[in-house]
Amino acid sequence: MSTPQSEKWMERRNIAVPRGPYHVTGLFIDHAKGATVIDIDGREYIDFAGGIGVQNIGHCHPKVVEVVQRQAEAFLHPCFHVTAYESYVELAERLNTLIPGEFSKKSIFLNSGSEAVENAVKIARKYTGRQGVISFDRGYHGRTLLTMSLTSKVMPYKKGFGPFAPETYKLPYPYYYRDQHLTEDEIDDMFIKQIEHFFVAEAAPENIAAIILEPVQGEGGFVVPSKRFVKAIRDICNKHGIVMIADEIQTGFARTGKLFAMEHFDVAADLVTVSKSMGAGIPISGVVGRAEIMDAPLGGQLGGTFAGSPLGCAAALAVLDVIQEENLVERSRMLGEKMQARLRAMQKKYEIIGDVRGLGSMCAIELVKDRKLMTPAKEETAYIVANGWKRGAIFLSAGIDSNVLRFLPPLVMTDDQLESGFDILEKLLAEVQNGGNNE
Ligand SMILES: Cc1ncc(COP(=O)(O)O)c(C=O)c1O
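Criteria and thresholds
- Residues numbered from 1 in each chain as written.
- Predicted model: local features only at pLDDT ≥ 70, side-chain atom pairs only at ≥ 80, totals over all residues.
- Heavy atoms only, no water.
- Helix = DSSP H or I, 4+ residues; strand = E, 2+ residues; numbered from the N terminus.
- Salt bridge = Lys/Arg side-chain N within 4 Å of Asp/Glu carboxyl O.
- Buried < 20%, exposed > 50% of the residue type's maximum accessible area, 1.4 Å probe, protein only.
- Phe/Tyr/Trp six-rings, centres within 6.5 Å; stacked < 30°, edge-to-face > 60°.
- Near = heavy atom within 4 Å.
- Polar contact = N/O pair within 3.5 Å; in protein donor to acceptor, adjacent residues only side chain to side chain.
- Nonpolar A, V, L, I, M, F, W, Y, C, P; charged D, E, K, R; others polar.
- pLDDT = per-residue confidence, 0-100.
- Pairing = 2+ DSSP bridges.
- Axes fitted to C-alpha atoms, helices over the stretch in contact; angles between N-to-C directions.
- Parallel < 35°, antiparallel > 145°, perpendicular 65-115°, else oblique.
- Left-handed = near helix turned anticlockwise from the far one by under 90°.
- Contact = heavy atoms within 4.5 Å.

The next point concerns unusual backbone geometry. The linkage connecting M155 with the following residue, P156, adopts the cis geometry, with an omega of 10 degrees. With respect to the element layout, P156 can be found in the loop between helix 6 (145-150) and strand 6 (168-171). At the junction of G162 and P163, the peptide bond is cis and its omega measures out at 0 degrees in the coordinates. With respect to the secondary-structure elements, P163 resides in the loop between helix 6 and strand 6.

Encoded structure:
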């Protein structure tokens, strides 16, 4: 499918913009609505990327558009540190109640996911008086110096960008699909033992301020841990006075069939980072957590010029209303069931699908060249992403080996849109299964 206007703009983009910021598609957008994107050539695409997990309530939800317009007319930037506004406080009050954990909480707001993680670490360090931070293999926490240091995957995230922030450590995180010779409990035991070993071999627990984990790994390939593993991390944090940070930036706001993914695991983190779908496209992020930990930094030690902007707060309040009014938590569960059922049916037909996994509508398939050896089918995955949008459906990859297709559709995607998008996916799977390129 040729897209003449987008091609023309891509040529101009290549002259004016460096190659660093990548593109999943070759498209320039004209407008978007619900689960569809329309490009500047007037062509429509079913969107399984949702701005990389940002459009849980759907593109340009009228309620968000309305509150943003109203806010823009009232005031845009007094700066929270100069003149406070009610929406910031109201948003904090609502998230303090909604984030899992039966304890008193406080919230601060920022601009991006990375900035939220940076602040969560600052708060944990100040509270504990310790420096070390543990993250996990395949974890993704952002692209700033500290968050890049906490992130896995050398290419493209880390290569050439060192030296990395000191006092950051990585521990293994279970990957049940790739350890099939063991039971889930055996895998958990193995990983929990490695954490205990780490405290003997690498760093004293008294030097560790925080352990940060994604309740479902996002960029790492939608890897879902067991309840037992997440509870073990909670126990380790309790035992050693370490702050547990749940990074819900990709999993939050109804994506996993709960408002927040930690609800699946029956434990509460001390601090939770949120962003992405929080503002439905208006940049905003936050750290929500135990009041006594959040209060560790002194006045003036946290913040930023645009942090918790009026537009972001207004949009985030509207997002919480829409999730409730449109039953999007329930819709996420149902959409996830439909996606997984269709993906499992495809798995029966196409050997290349090694694994189907996910929580709620945070679903993925892992593609392998060979089911026994589980050799990552990286090129085949890239082929599907590169050709999906040309046939009318936008897909994203993920995974440390770039062999996972992850689906982050707006939760308002209709059943018909889902089936049409997955028809395109199925054709592409048939092509890669048969040795590829039918173009
Ligand atoms: C789990 C998680 N944490 C942090 C980030 C970083 O967020 P941002 O890109 O807004 O800085 C992301 C982004 O993909 C993410 O998925």
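Further remarks concern the pattern of salt bridges. Applying the stated criterion across every chain yields a total of 25 salt bridges. The shortest N-O distance in the salt bridge between R178 and E366 comes to 2.7 Å. Here E366 lies in strand 12 (residues 362-367) and R178 lies in the loop between strand 6 and helix 7 (184-201), a separation of 188 residues in the sequence. Its relative accessible area of 24% is what places R178 among the partly exposed residues. One salt bridge in this structure joins E219 and R406, with 2.9 Å as the shortest N-O distance. One end of the pair, E219, is in the loop between strand 7 (208-213) and helix 8 (227-240); the other, R406, is in strand 15 (residues 404-407), and 187 residues separate them in sequence. The pair formed by E219 and R406 is uniform in burial state, with each residue classed as buried.

The subject of this paragraph is the packing of aromatic side chains. Per the counting criterion, the structure on display carries 18 aromatic pairs. Ring geometry for F136 against Y173: centres 5.6 Å apart, planes inclined by 70 degrees, an arrangement best described as edge-to-face. Of the two residues, F136 sits in strand 5 (residues 132-136) while Y173 sits in the loop between strand 6 and helix 7, which places them 37 residues apart along the sequence. Of the residues examined, Y173 reaches a relative accessible area of 2% and is grouped as buried.

Close to the ligand lie S112, G113, S114, Y140, H141, G142, E214, E219, D247, I249, Q250 and K276. Between G113 and the ligand, the recorded distance is 2.8 Å, taken from a backbone N or O atom to an oxygen atom. The residue inventory of the shell around the ligand, partitioned by class, reads 2 nonpolar, 6 polar and 4 charged.

Interpretation of this model should avoid reading the predicted coordinates in detail wherever pLDDT is low. For the protein chain, per-residue confidence averages 96 on the pLDDT scale, and 99% of positions sit at 70 or higher. For the protein chain, the element scoring lowest by mean pLDDT is helix 7, at 93; strand 9 (residues 271-274) scores highest, at 99.

Sheet architecture is open: 4 strands sit in the order 11-12-15-14, paired in antiparallel fashion. Of all the strands in the sheet, the pair left with one neighbour each is strand 11 (353-359) and strand 14 (396-398). Going from strand to strand, the sheet's axes swing by 30 degrees on average, the running direction of each strand aside. Where strand 11 lies against strand 12, 6 bridges are found, and the strand directions are antiparallel. Counterpart to D355 in the pairing with strand 12 is E366.

It is the contact of helix 12 (residues 378-391) with helix 13 (residues 415-433), at a shortest axis distance of 10 Å, that shows an interaxial angle of 140 degrees. Judged by the inter-axis angle, helix 12 sits oblique to helix 13. In this structure, the crossing between helix 12 and helix 13 has a hand that is right-handed. Facing E380, Y383, I384, N387, G388 and R391 of helix 12, the residues of helix 13 in contact are I424, L425, L428, L429, E431 and V432. Classifying every residue of the contact of helix 12 with helix 13 by side-chain character gives 7 nonpolar, 2 polar and 3 charged.

Below, the discussion takes up the packing of helix 3 (residues 62-74) against helix 10 (residues 310-325). For the pair helix 3 and helix 10, the least separation of the axes is 9 Å and the interaxial angle reads 155 degrees. By the angle between their axes, helix 3 is roughly antiparallel relative to helix 10. The handedness of the crossing between helix 3 and helix 10 is right-handed. Along its contact with helix 3, which presents K63, V64, V67, V68, Q71 and A72, the element helix 10 presents P310, L311, A314, A315, A318, V319, D321, V322 and E325. Broken down by class, the residue content of the contact of helix 3 with helix 10 amounts to 11 nonpolar, 1 polar and 3 charged.

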